[in-house]
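# Report on the structure
Residues per chain, in single letters:
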Amino acid sequence: MQTFTYRLPAALQRDARVGSRLLVPFGRKRLTGYIVALHDELDRAAELTDDAVKDAEELLDAEPLVTPEILEITRWVADYYAAPWGEVLKAALPAGLNATVEQVLEITAEGRDELARLPIHRTATAKARALRLLADEGEASLRSLARHVGEARASAIARELERAGWIKLTHRARSVLAKAKRRKAVRLLPPEAHAQTESQRALSAAQTKIIETLMSEGGEMAFTDLLERADVSAAPIQSLERRRIIEVFVRDVRRDPLADAVLPDTEALDLTEAQSAALREIEAPMREGIYAAFLLHGVTGSGKTEVYIRAMRAALEQGRSAMMLVPEIALTPVFSRRLRAHFGDRVAIFHSSLTTGERFDEWSRLKRGLARVVIGTRSAVFAPVSDLGLVVIDEEHETSYRQHESPFYNGRDTAIVRARQAGAVVVLGSATPSLESFHNAKSGKYAYLHLPERINNRAMAEAEIIDMRASFAKAGKPEIFADELLVAIEETHARGHQSIILLNRRGYSSFVLCRTCGESIRCANCDVTLTYHRSESSLLCHYCNLRRAAPTRCPSCAGKYIYYVGEGTEQIEEILQRRFPSLRIARLDRDTTVRRKLFERTILEFGAGDLDMLVGTQMLAKGHDFPNVTLVGVVSVDAGLALPDFRSAERAFQLITQVAGRAGRGRLPGRVLIQTYHPNHYALRHAAAQDYQGFYEEEIRYRRNLSYPPFVSLASILVHGDDLGRMQATAAEVRRALDEANTEQSCRILGPAPAPLSRLRGEHRIQLLLKSRSRPRLRQVIDMAFAEAATRGADMRAINLEIDPVNLM
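Owing to the predicted nature of the structure, the values given are computational and were not obtained by experimental measurement. (Residues numbered from 1 in each chain as written. Predicted model: local features only at pLDDT ≥ 70, side-chain atom pairs only at ≥ 80, totals over all residues. Heavy atoms only, no water.)

### As for the overall build of the chain
Here is the rule we go by: Only DSSP runs of H or I reaching four residues or more are called helices, and only runs of E reaching two or more are called strands; each is numbered from the N terminus. For every residue, the accessible area (1.4 Å probe, protein chains only) is compared with the maximum for its type, and the residue is labelled buried under 20%, exposed over 50%, or partly exposed between those bounds. By definition in these notes, contact holds between two residues if any of their heavy atoms fall within 4.5 Å. Computed with a 1.4 Å probe, the accessible areas rest on the Shrake-Rupley method; for each residue, only the protein chains presented here act as cover. Neither His nor the chain termini are counted; the positive set is Lys and Arg, and the negative set is Asp and Glu. To locate a charge, the coordinates of NZ of Lys, CZ of Arg, CG of Asp or CD of Glu are taken.
A tally of helices and strands in the chain yields 27 helices and 33 strands. The principal-axis extent of the C-alpha atoms belonging to the chain is close to 90 × 80 × 65 Å. Counting across all 809 residues of the chain, residues that qualify as buried make up 52%. Long-range contacts, defined as pairs at least 24 residues apart, comprise 75% of the intrachain contacts of the chain with a sequence gap of at least 6. Total accessible area on the chain is roughly 38,100 Å²; 48% of this is exposed by carbon and sulfur atoms. Within the chain, the 104 negative side-chain charges are centred at a point lying 3 Å from the centre of the 111 positive side-chain charges.

### Side note on the environment of glutamine 207
Put simply, the rule is: The term polar contact refers here to a pair of N or O atoms within 3.5 Å; inside protein, the definition further demands a hydrogen-donor-capable atom paired with an acceptor-capable atom, and it admits residues adjacent in sequence only when both atoms are side-chain atoms.
Topologically, glutamine 207 is positioned in helix H9 (residues 205-216). By relative accessible area, which is 7% here, glutamine 207 ends up buried. Measuring from C-alpha to C-alpha, the distance between glutamine 207 and leucine 240 comes to 7.1 Å, with 33 residues separating the pair along the chain. With near-sequence residues (within four places) excluded, glutamine 207 lies in contact with Ala202, Pro236, Ser239, Leu240 and Arg243. Polar contacts involving the side chain of glutamine 207 include one to the side chain of serine 239, which spans 2.9 Å.

### Here we look at the sheet that holds strand S15 (residues 373-376)
Note the following rule: The criterion for strand pairing is that DSSP finds at least two bridges linking the strands in question. A fitted line through C-alpha atoms serves as each axis, taken over the contacting stretch for helices, and the angle formed by two N-to-C directions is quoted from 0 to 180°.
One open sheet holds the seven strands; their spatial order is S14-S15-S13-S16-S17-S12-S18, and the pairing between them is parallel. Whereas interior strands pair on both sides, the edge strands pair on one side only; in this sheet they are strand S14 (347-350) and strand S18 (447-451). Adjacent strand axes in the sheet meet at a mean angle of 15°, parallel and antiparallel pairs treated alike. As paired strands, strand S13 (residues 321-325) and S15 are joined by four bridges and run parallel to one another. The partner of leucine 325 across the bridge, within S15, is glycine 376. Against the sheet, helix H17 (residues 435-442) makes contact with strand S12 (292-298), strand S17 (425-430) and S18, and its axis sits at roughly 115° relative to S12, the strand it touches most.

### Focus: helix H16 (residues 411-422)
Filter applied, for reference: By this rule, a helix spans an expected 1.5 Å times one less than how many residues it contains.
In this model, H16 (12 residues) spans 16 Å end to end at C-alpha, consistent with the 16 Å of a helix rising 1.5 Å per residue. Among the 12 residues that make up H16, nine are buried, leaving the element largely enclosed by the rest of the structure. Of all the residues in H16, the buried ones are Gly411, Arg412, Asp413, Thr414, Ala415, Ile416, Val417, Arg418 and Ala419. In this structure, the buried side of H16 is in contact with helix H2 (68-80), S13, strand S16 (388-394), S17 and H17. At the N-terminal boundary of H16, the capping side chain belongs to asparagine 410, with an oxygen 2.9 Å from the backbone nitrogen of arginine 412.

### Description of the side chain of threonine 432
Along the chain, the position of threonine 432 falls in the loop between S17 and H17. Discounting residues that sit within four places of it in the chain, threonine 432 has contacts with His397, Phe653, Gln654, Thr657, Gln658 and Tyr692.

### A few points about the sheet that holds strand S33 (residues 799-803)
Sheet architecture is open: four strands sit in the order S31-S32-S30-S33, paired in antiparallel fashion. Since the sheet does not close on itself, it has two edges, and those belong to strand S31 (747-760) and S33, each with one partner. Adjacent strand axes in the sheet meet at a mean angle of 20°, parallel and antiparallel pairs treated alike. Where strand S30 (residues 713-721) and S33 come together, five bridges link them in antiparallel fashion. Each bridged residue has a counterpart across the sheet, and for serine 716 the counterpart in S33 is glutamate 802. Packed on one face of the sheet, helix H26 (residues 724-741) meets S30, S31, strand S32 (763-772) and S33 and runs near 15° to S32.

### Quick look at the nonpolar core
Here is the rule: Put simply, a nonpolar core is a bunch of buried Ala, Val, Leu, Ile, Met, Phe, Trp, Tyr and Cys residues held in one set by side-chain atoms that sit within 4.5 Å of each other.
In this structure, Ile500, Ile717 and Leu738 are the most contacted members of the largest nonpolar core, which totals 111 residues. Take this core: its biggest share by element is seven residues, from helix H23 (residues 648-660). Once residues lying within four places of it in the same chain are set aside, the contact partners of isoleucine 717 are Val734, Leu738, Ile766, Gln767, Leu768, Leu770, Phe786, Ile799, Asn800 and Leu801. One finds Ile282, Phe335, Val373 and Val425 within the second-largest nonpolar core, a separate group that totals 33 residues.

### So, the pattern of salt bridges
As a reminder, the rule being used: Put simply, a salt bridge is a Lys or Arg side-chain nitrogen that is within 4 Å of an Asp or Glu carboxyl oxygen.
On inspection of all chains with the given rule, the structure shows 48 salt bridges. Linking arginine 117 and glutamate 114 is a salt bridge whose minimum nitrogen-to-oxygen distance equals 3.1 Å. Pair noted here: arginine 117 and glutamate 114 are both in helix H4 (residues 109-117), with a separation of three residues, about one helical turn.

### Quick look at the environment of asparagine 525
As for its placement among the helices and strands, asparagine 525 is situated in the loop between strand S21 (511-514) and strand S22 (531-533). Taking the C-alpha atoms as reference, asparagine 525 lies 42 Å from glutamate 139; in sequence the two are 386 residues apart. Discounting chain neighbours no more than four positions away, the residues touching asparagine 525 are Cys544, Leu546, Arg759, Leu760, Arg761, Gly762 and Glu763.

### Here we look at the packing of H9 against helix H10 (residues 223-230)
Cut-off, in case you're wondering: Two helices cross in a left-handed way if the nearer one is turned anticlockwise from the farther one by less than a right angle. They cross in a right-handed way if the turn is clockwise. All amino acids are sorted into three groups, where Ala, Val, Leu, Ile, Met, Phe, Trp, Tyr, Cys and Pro are nonpolar, Asp, Glu, Lys and Arg are charged, and the leftover types, Gly among them, are polar.
At a minimum axis distance of 10 Å, the contact between H9 and H10 shows a crossing angle of 115°. For the pair H9 and H10, the sense of crossing is right-handed. On the side of H9, the interface is formed by Lys209, Ile210, Thr213, Leu214 and Ser216, while H10 contributes Leu226, Arg229 and Ala230. Classifying every residue of the contact of H9 with H10 gives four nonpolar, two polar and two charged.

See the structure below:
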């Protein structure tokens, strides 16, 4: 983890504080840096001299944006995950708050003279137009110049004009996109604020209406709202302001993500004995103000959320704050409304679907202490809450807590460390805990809390496996739906109940095949086939988003026999709508949930009974509580079981168990039908039996025998780039360096080999895996090898290192 030392000029020394940002020279560029430490003198041990240290140029923050708690947790993330600290700090701030640096051009006196000397026939050249722009504007950014002379030529023209002495180039921080929204408002002043003679003067009818309207709204209103409600012009408001009867001022306006939300009832619920016992265990270390970690293992529908809310209330009553992480945006509408109903405006929301303004306002409320509870996805782990007393990680097993781009980190594990640093209690909740977390509970690293039964002793849904081999034999062809599932759908809706149909594959057809030459249509950038999306009549790559029109002929042989193979959620929805035309069916997948409001509306409509069936991907499987759902149909999970990843069985088990948990949560019994061509697979057998312990014991045996987590620490090294030969050479160099560093043979090194997805977004991908029973030794070998590979000319910018990867594709 590398940091850089700069000198603070005298003008900046008084206001510069740890956590503030600076504009600094870095090579030939100007970059935004974060102050992580202040020193009175140079660290001579670092062999720095006064001449080698550059001056910082500009202080960007009057008040530090990064709090001490965030500085501490980002330092840990950077160190543990071998991520650049600056990138982690940038990720910790809300989108739109990170200022970027831009070049600013200013014309000199010599430049004005040159412009005046130019003959008429030369004033239309690009250089002359640039000088004219700067002469008229005084200064302009390089981006503004590009709009006048073309983006391709702007940089070259600027350098030529600077060399000639006609312009001066400087750098400055570009204005941030996110800032407080301000709005003009009006409020009544107390009687003592205006003179006695003014208060006794008669008021006009318009002025009287203004005062009456303000009084009806508590004495304060937005300026435009007052004009509309009182039906007056601005003149009588200005007159009252001059008489000191009212005051016109500017106030911050909160952009509330839940401004128009309908909140649920907060009726008091009686806890079960198991819930009460779990809550007592959680509250004990909270009262002492010490760190403790709990795994709350509760079957679906056992009331984990009620335990979370009661624990949050306990943290707030102690004057501390609380954080709740959820794996996906899909879970925030319901959970955030429930928390808002309980805790009011003390709740702030964090996720990427918020607008830039909403995210900034929620972040600001937390930083100022106006909100004490934060709920959000993985990035909420960096929320600027102070005096953290409780951290809840719901559905802790979910892989979406892992960030799959730089900076790589796991939100779940980072939240655990943040709780430890704050002396807070952390609760990891799930009906299907990750094997690592359950193993930690068995070894005593986490305290184990169990909720073995559903609320009110409601029965778990009965699950059945449908052998699709028998359906194939009966029909003589592959069938999307078995007769048993279609009959169950019909019976369910005849009783007025709802159903959920799951297929974890979006689109209409999995791929397109030419029956003449046998070629499938593949992505030009990735080593995958294109998926057919019928609603857009297009083929789409789900990795790089490449789109192309659906073909009428084969692009390879011009054959006209185009065949669409496989099914996705779009086709499932169409088939079911055609088979059951009276049903109100909606689809939830990434294609239909681009707009946040549409997704939220669909979930709320289904919960209210305005829809009969939801068809969708795995986003339907988690956390939702629909009491009237009595049937869940799983079209297929076979593709997931076949993935070349040691966690594929665990994910299939978790997905089926979680989606099965959506059935029978009300007073009515539930039923789950699982279609598969592999009915004897242990993951499916245990999922159908709702037997987590049985699955754990079988899966953990494989992990132990094959040396996979939790018995070893794992690291993935991915070498990627558009030049295959260069990437192969770099991967080979890294392997040689790893072998030399692994002198004690403490690590097992696999590869280099093509990654399962060998080409992605135009880049070739080569993978190496390292396993070790000693985590410190694993990092030591990697650090030594990378340092050596860099000296041998390996392209280190082409290397991604992931510590504890959750996806090996």
